[in-house]
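Below, each chain spelled out in residue letters.
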Amino acid sequence: MSVNTSMIAVIVLGVALLPLTPSSAMQGLGEKVLIFPYETDFSFVALIPQKEMALRAFTLCMRVATELPEEREIILFAYRTADYDELNVWRERDGRVSFYLSGDGTFFHLPPLTTFRTSLCLTWESRTGLAAFWVEGKRSTYQVYKPGHSIRPKGTVLLGQDPDKHLGGLEAQQSFVGEMTDLNMWDFVLSRSMIQAWHYGHKVPKGNIFDWATMEYELNGNVMVVDDD
Amino acid sequence: MSVNTSMIAVIVLGVALLPLTPSSAMQGLGEKVLIFPYETDFSFVALIPQKEMALRAFTLCMRVATELPEEREIILFAYRTADYDELNVWRERDGRVSFYLSGDGTFFHLPPLTTFRTSLCLTWESRTGLAAFWVEGKRSTYQVYKPGHSIRPKGTVLLGQDPDKHLGGLEAQQSFVGEMTDLNMWDFVLSRSMIQAWHYGHKVPKGNIFDWATMEYELNGNVMVVDDD
Amino acid sequence: MSVNTSMIAVIVLGVALLPLTPSSAMQGLGEKVLIFPYETDFSFVALIPQKEMALRAFTLCMRVATELPEEREIILFAYRTADYDELNVWRERDGRVSFYLSGDGTFFHLPPLTTFRTSLCLTWESRTGLAAFWVEGKRSTYQVYKPGHSIRPKGTVLLGQDPDKHLGGLEAQQSFVGEMTDLNMWDFVLSRSMIQAWHYGHKVPKGNIFDWATMEYELNGNVMVVDDD
């Protein structure tokens, strides 16, 4: 396994997080894995979307592995604007997986995240409120969550940390430790067959918000970018 | 199942372990399984490497089955030089699987070892420190462990016991009970596809440190060598 | 499922068990399942072997399903001569599966018996003492158990009850409740490939001690013989 030069971790002191002093933006994560090797309150990856995230529907997919204990909450995806947690995905302290659109969240009983990679997608559509997680290409039961709601644009997406205010307020006990790869996001709901195709690594329409292969991103703190094997 | 003549167990008294009085070296374990039938502080198999184990990377694979209870620690592989436990692999008391390079170890949450054979590999590379276990061909989350470290040569590899000093200091409560087979070791990191090929019993490059088919080994105490079925 | 005429249960009072007053012997269980519908101390099936059971090796296979709770001991197979439990197979109170050759037994951690049929084989060879269970065609870890021992002939095989003396002393709390089918027994150790073939329902050499298709048997108490579906 060869390690990208970008793995030379840029340590940013937690106290220096406001304002952010990121490593300069890089592009392209095709065949790469992000490794968050240990618990910190300063390691994260900021993702720069290809278009503004004013969303009334989306599909978010990633492959994720973690060794964190079951009873530890874990931030899996955080999109925040100045005043709101616009779209957060968590593994909760009780093991459930949840997502939040600025306010109370909705909770799903999914198979546990483990040391082996889980393929995880989330779909939501404002019109009906239908929300579901997809694990290894299999859909959870639908829940109806915030029909009519809109996600606001002009925020920041972070992997690895949950900012309690815009670009700050990070907590080690919520941080992600483990591996993430192949994160993609679309501004519409993918069909079952498309999600299964993505799960099996087949060709699917490129994410028009995030496309792992051409992703623009900024590494902060101690995150490694390594070749997938 | 026909039993090799080498199964006539050579009982070495525990007190006589320093210096070792092994059975004479034998060669070749192709299609054979090592059975450690019960808990002892005197049964082990010493493995003679094909080349010195001065290592800055390795892949270690084996198939292993045990009925020992979950809360019992178990030594799975021990390579020790005069002053150091150079490379030890354990199933810990809390069920995690760990490995140690002369000092504190690193711990992985893996599916439990059972009465059925588990295919288990471990990869580590000094340059990056990336370490992972592979269970049935599936990689665990990477951990970053001792980047820059080197494993020292001129030690002894034991299966079945953990020597607390070079060639001595064995403890029954740490001993291995169960079956081991198909142990191979390479001085580099095998690719995912190679590890999966090994898991499925397909042809892979022979281990250049240990190759089960041509393994040179010494039986001590009560260890059986039987035909695999 | 159509019910065989032989299902008209012959109720034998527990107190009348010595001497046995069985229904007359019947033959052939091909495509049939034995159902032990509830807990009794009087329902059992006696199996008449094709040859005397003076054994220095054997393979015993059956398909078995039960809803009995984990902490309840269950007799799975009992072969008893006048003075000895020659060959008993149990699911123990602690969930382990065990077998006994006239004296202390040996215990295996296997996946639990469930409401779904488990394909279960047991192999033992006197020469080496190697004993193993096979679950769904997968072998457990070998245990070394009573090498050199011989099983005595001229006893009785019961399914459903454990006789504490020859042909008597039955206990409801040890009885089998559930389904058994496809029991076969050979006086030698079948190879892995043969056991897997049996598991998958492929053609294997007929059991030379018990062959389900041509089995001679006597029903006692409340046992149903129904078509397998």
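To be clear, the structure that these remarks concern was listed above.
In this report, the structure presented in the accompanying data block is examined. As the structure is a computational prediction, the values presented were derived from the model and not from experiment. All chains use their own residue numbering, which begins from 1 and follows the written sequence. To read the labels, note that chains go from A and ligands from 1, taken in the order they are written. In keeping with the model being predicted, local features are shown solely for residues with a pLDDT of at least 70 and side-chain atom pairs are shown and tallied solely at 80 or more, while totals for entire chains, interfaces and linings include all residues. Hydrogen atoms and water are omitted, and side-chain values are computed over all heavy atoms in the structure.

1. Remarks on the interface of chain B and chain C
Phase 1: We call two residues contacting when some pair of their heavy atoms lies within 4.5 Å. Each partner contributes to the interface: chain B provides 18 residues, whereas chain C provides 20 residues.
Phase 2: When two components associate, each loses some accessible surface as probed by a 1.4 Å sphere; the sum of these losses over both components is called the buried area. Together chain B and chain C conceal approximately 1600 Å² of surface at their shared face, both sides included; 58% is due to carbon and sulfur atoms.
Phase 3: Just to be clear on terms, a salt bridge is a Lys or Arg side-chain nitrogen sitting within 4 Å of an Asp or Glu carboxyl oxygen. Taken together, the links from chain B to chain C amount to 3 salt bridges.
Phase 4: Across the salt bridge formed by Arg139(C) and Asp229(B), the nearest N and O atoms sit 3.2 Å from each other.
Phase 5: Contacts described as polar in this section are N or O atom pairs within 3.5 Å, which, within protein, must combine one atom able to donate a hydrogen with one able to accept it, while residues neighboring in sequence count only if both atoms come from side chains. Remark: the boundary between chain B and chain C carries 8 residue pairs in polar contact (both at pLDDT 80 or more).
Phase 6: Strands are runs of DSSP state E lasting at least two residues, helices are runs of H or I lasting at least four, and both sets are numbered from the N terminus onward. For the side of chain B that touches chain C, the secondary-structure elements that each account for two or more residues are strand 14 (178–186) and strand 16 (224–227) of chain B.
Phase 7: Classifying every residue of the side of chain B that touches chain C gives 8 nonpolar, 5 polar and 5 charged. Note that Gly is not counted as nonpolar here; it falls among the polar residues with everything else outside the nonpolar set of Ala, Val, Leu, Ile, Met, Phe, Trp, Tyr, Cys and Pro and the charged set of Asp, Glu, Lys and Arg.

2. A word on the sheet that holds strand 15 (residues 216–220) of chain A
Picture the strands of a sheet paired through backbone hydrogen bonds; they go either parallel or antiparallel.
Residues and elements named next belong to chain A.
Phase 1: Strand order in this open sheet of 8 strands is 1-15-3-13-5-6-7-8, and the pairing throughout is antiparallel. Either end of the sheet is taken by a strand with one partner, and the two such strands are strand 1 (26–27) and strand 8 (105–108).
Phase 2: Relative to strand 13 (residues 156–159), strand 5 (residues 74–80) runs antiparallel, the two being bridged by 3 bridges. Across the sheet, the residue bridging to Ala-78 is Leu-158, located in strand 13. We treat two strands as partners when DSSP finds at least two bridges between them.

3. Examining the pairing of strand 9 (residues 118–125) of chain B
All names here are of chain B.
Phase 1: The rule is simple: take the accessible area with a 1.4 Å probe, protein chains only, and divide by the maximum for that residue type; under 20% is buried, over 50% is exposed, in between is partly exposed. Of all the 8 residues making up strand 9, 8 are buried; the element is thus mostly covered by neighbouring parts of the structure.
Phase 2: Burial along strand 9 is two-sided: Thr-118, Leu-120, Leu-122 and Trp-124 and Ser-119, Cys-121, Thr-123 and Glu-125, pointing in opposite directions, are all buried.
Phase 3: Relative to strand 9, strand 4 (residues 57–65) runs antiparallel, the two sharing 8 bridges. Note that in strand 9 the partner of Ala-57 across the bridge is Glu-125.
Phase 4: Bridge analysis of strand 9 against strand 10 (residues 130–135) gives 5 bridges, and the strand direction is antiparallel.

4. Regarding the relation of the copies chain A and chain B
Phase 1: Superposing chain A onto chain B takes a rotation of 89° plus a shift of 0.5 Å along the axis, which leaves an RMSD of 0.0 Å. Taken together, these values place the two copies in the relation of a four-fold axis. Taking C-alpha positions as reference, the residue of chain A nearest the rotation axis is Pro111(A), located at 10 Å. To superpose the copies, least squares is applied to the C-alpha atoms of every residue with a pLDDT of at least 70 in both.

5. Details of the state of the cysteines
All names here are of chain A.
Phase 1: Cysteine sulfur atoms are paired as a disulfide whenever they come within 2.5 Å of each other. Evaluated as defined, the whole model comprises 3 disulfides over all chains.
Phase 2: Disulfide pairing places Cys-61 opposite Cys-121 at an S-S distance of 2.0 Å. One disulfide, between Cys-61 and Cys-121, carries an S-S torsion of 110° and so falls in the right-handed class. One end of the pair, Cys-61, is in strand 4 (residues 57–65); the other, Cys-121, is in strand 9 (residues 118–125), with 60 residues separating them in the sequence. The burial state of Cys-61 is the same as that of Cys-121; both residues are buried.

6. A few points about a nonpolar patch on the surface
Phase 1: Patch members must show over 30% relative accessible area and no salt bridge, and they are joined within 9 Å when carrying like charges or within 5 Å when they are nonpolar side chains of Val, Leu, Ile, Met, Phe, Trp or Tyr. A 1.4 Å probe and the Shrake-Rupley method give the accessible areas. Residues count as covered only by the protein chains that appear here. Judged by side-chain polarity, Leu130(A), Tyr142(A) and Val144(A) come together as a nonpolar surface patch covering roughly 270 Å² of accessible area.
Phase 2: Topologically, Val144(A) is positioned in strand 12 (residues 143–144).

7. Observations regarding the sheet that holds strand 7 (residues 97–100) of chain B
Residue and element names in this part refer to chain B.
Phase 1: Taken in spatial order, the 8 strands make up an open sheet running 1-15-3-13-5-6-7-8, and their pairing is antiparallel. Looking at strand neighbours, the two that pair on one side only are strand 1 (26–27) and strand 8 (105–108), the edges of this open sheet.
Phase 2: Both strand 3 (residues 44–48) and strand 13 (residues 156–159) contribute to a ladder of 3 bridges, which runs antiparallel. Each residue of the ladder has a partner; that of Ala-46, found in strand 13, is Leu-158.

8. Digging into the side chain of Thr123(C)
Residues and elements named next belong to chain C.
Phase 1: Assignment of secondary structure puts Thr-123 in strand 9 (residues 118–125).
Phase 2: Reaching out from Thr-123, the side chain makes a polar contact with the side chain of Trp-134 at a distance of 3.1 Å.
Phase 3: The contact partners of Thr-123, leaving out residues within four places of it in the chain, are Phe-58, Thr-59, Leu-130, Ala-131, Ala-132, Trp-134, Val-189 and Ile-195.

9. With respect to the interface of chain A and chain B
Phase 1: In this complex, chain A contributes 19 residues to the contact, which on the side of chain B involves 20 residues.
Phase 2: Buried area between chain A and chain B, summed over both chains or domains, comes out near 1600 Å², and the portion from carbon and sulfur atoms is 58%.
Phase 3: If you look at where chain A meets chain B, you find 3 salt bridges.
Phase 4: Counted by class, the side of chain A that touches chain B contains 9 nonpolar, 5 polar and 5 charged residues.

10. Describing the environment of Ser126(A)
Residues and elements named next belong to chain A.
Phase 1: When you line up the elements, Ser-126 lands in the loop between strand 9 and strand 10 (130–135).
Phase 2: For Ser-126 and Gly-148, which are 22 residues apart along the polypeptide, the C-alpha to C-alpha distance reads 4.9 Å.
Phase 3: Beyond its immediate chain neighbours, meaning those up to four positions away, Ser-126 contacts Arg-56, Lys-146, Pro-147, Gly-148 and His-149.
Phase 4: Of the polar contacts made by the side chain of Ser-126, one reaches the backbone oxygen of His-149; its length is 2.7 Å.

11. Notes on unusual backbone geometry
Phase 1: Backbone geometry at Ser102(B) places phi at a positive 30°, although glycine is not the residue there.
Phase 2: Along the chain, Ser102(B) falls in the loop between strand 7 and strand 8.
Phase 3: Given the relative accessible area of 19%, Ser102(B) is considered buried.
Phase 4: Non-glycine residue Asp182(C) carries a positive phi angle of around 60°.
Phase 5: In this fold, Asp182(C) is placed in strand 14 (residues 178–186).

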